[in-house]
Amino acid sequence: MKFRATIADLDRLQPLEKNAPLAVDAVFFTGASKEGYYLSVNVARRQNNTVNSFWLLKIPNVGLLVSPKYPDSTLKGEPNAFSTEGMTIEPIEPMKKWKISYDGKMKFQNDKEERMIPVSWELEWTSDLPHFDFDTDLSPATVARAIAREPWSKSYFENFKKRHQTHHEQMGYIKGTIKIEGYGEHDLKLNSMRDHSYARERDWTLMHRYGLHNVTVEDGTKFMVGILSMPVLLSEFEIGYLYSPEGQVHSVESCDLNLYEHGEHGVPPLDYAFTFKAAGKTYLVHCEVLESPDVYIGIDWECRIIERMCRFHVNGKQGWGFAEWQYR
């Protein structure tokens, strides 16, 4: 079932439902390049003009810059906009073009003095690829396996309805120029993944953990794949999709990344491998983590997200992207 009638309805600022204190409308962008540039930006609108938001930037021979209040992400937002403290993300054309602007300050992650450096950018995200709708496009096999693991009851299925989130993702490109005072201008062209999700309720206290990977491979293959564990609904859920070099999108059919074998006690591995299957083909993914900044989400820091900037090898070919790991 689709919860919005048109593409334009799906990919726009969504109203936060009244009398729903945990309502959310969130956009998230990551970008990476073979040359070692990485960018992660998100704005999650919550009630009372509060947002969960952070931005991270890695430039070769400069370093890793983080948003001013890092590792905290609870900021004051602008009404009816994906905007907070100098960061603005604007939809321009549904499923085709977004604008990402920033004019403010950042700090180096490991600078104990937390000196603030003026940073600004005007970036454009574009895509001509189809989006992946998590309401309708997930593999029936992975959904069936996940539900079959759980004890069924009337309240169990009522929980699905209560906690439904509309969510779509799409691969594309981020292009533009970043200016860093004292470190010059840097032209970016990044392979990018974006997502847009919204719901009546997003309660981070219910999420045990997840490990998600969004990757671009040198042959043009692009994918997002991982495992999610939310015991109130699905204790183990294989999710993801793959774009072929020709731009065809396929759902992930299986993934053998076992979360309990990888960092269950809060320290995820920096070098690991797993396989997944899509469009009848098996992919062996080797992940090498280069940077792993931690960000805390929620007023009470209900969860920790580790936004890991990585190099990949996929069936022997080079790749680049992010591995996002979350802990309660």
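Structure: above.
Residues numbered from 1 in each chain as written. Predicted model: local features only at pLDDT ≥ 70, side-chain atom pairs only at ≥ 80, totals over all residues. Heavy atoms only, no water.

K.L.:
What am I meant to see in the packing of aromatic side chains here?
P.N.:
Both the distance between ring centres and the angle between the ring planes are used here to describe each pair of aromatic rings. Tallied over the full model, the rule gives 20 aromatic pairs. Between phenylalanine 82 and tryptophan 98 the ring centres are 6.1 Å apart and the planes differ by 45°, which places this aromatic pair in the tilted class. Taken as a pair, phenylalanine 82 in strand 6 (residues 82-84) and tryptophan 98 in strand 8 (residues 97-108) lie far apart in primary sequence, 16 residues in all. On the basis of relative accessible area, phenylalanine 82 is assigned to the buried category, the value being 2%. Taking the centre distance of 6.5 Å and the plane angle of 20° together, the rings of tyrosine 272 and phenylalanine 274 count as stacked. The exposure class assigned to tyrosine 272 is buried, which follows from its relative accessible area of 5%. Joined through ring pairs, the aromatic side chains of Phe29, Phe82, Trp98 and Trp125 make up one cluster. Between arginine 45 and the ring centre of phenylalanine 82, over which it is positioned, the NZ or CZ distance is 6.0 Å. Sitting above the plane of the tyrosine 173 ring, lysine 189 keeps its charged end 5.6 Å from the centroid. (Phe/Tyr/Trp six-rings, centres within 6.5 Å; stacked < 30°, edge-to-face > 60°. Helix = DSSP H or I, 4+ residues; strand = E, 2+ residues; numbered from the N terminus. Buried < 20%, exposed > 50% of the residue type's maximum accessible area, 1.4 Å probe, protein only. Lys NZ or Arg CZ within 6 Å of the ring centre and 35° of its normal.)

K.L.:
Help me out: how do you make sense of the pattern of salt bridges in this one?
P.N.:
Should the charged atoms of two oppositely charged side chains come close, the side chains can pair. On inspection of all chains with the given rule, the structure shows 17 salt bridges. The residue aspartate 9 makes a salt bridge to arginine 12 at a minimum N-O spacing of 4.0 Å. Across the pair aspartate 25 and arginine 45 runs a salt bridge whose closest N-O atoms are separated by 2.8 Å. On the criterion of sequence distance, the pair formed by aspartate 25 in strand 1 (residues 24-32) and arginine 45 in strand 2 (residues 38-45) is long-range, its members being 20 residues apart. The buried category is assigned to arginine 45, whose relative accessible area is 8%. Sharing partners across several salt bridges, the network here consists of Asp111, Glu113 and Arg115. (Salt bridge = Lys/Arg side-chain N within 4 Å of Asp/Glu carboxyl O.)

K.L.:
Can you walk me through the pairing of strand 16 (residues 249-255) in this structure?
P.N.:
Two faces make up the sheet, and in a regular strand the side chains alternate between them. Both strand 15 (residues 234-243) and strand 16 contribute to a ladder of three bridges, which runs antiparallel. In the strand pairing of strand 16, tyrosine 243 is matched with valine 249. If you look at the hairpin formed by strand 15 and strand 16, you'll find five residues sitting between the two strands, and glycine 247 has a positive phi there, around 95°. In terms of strand pairing, strand 16 meets strand 17 (residues 271-278) through three bridges, oriented antiparallel. Counted as the bridge partner of cysteine 255 is phenylalanine 276 from strand 17. (Pairing = 2+ DSSP bridges.)

K.L.:
What is the right way to read the side chain of serine 83 from this model?
P.N.:
Relative to the helices and strands, serine 83 is located in strand 6. Note on serine 83: relative accessible area 11%, which makes it buried. A distance of 3.3 Å separates a polar side-chain atom of serine 83 from the backbone oxygen of methionine 87. A polar atom in the side chain of serine 83 sits 2.9 Å from the side chain of threonine 88. With residues near it in sequence (within four places) discarded, serine 83 still touches Val43, Gly77, Glu78 and Thr88. (Polar contact = N/O pair within 3.5 Å; in protein donor to acceptor, adjacent residues only side chain to side chain. Contact = heavy atoms within 4.5 Å.)

Interpretation in functional terms is not warranted from these geometric data alone.
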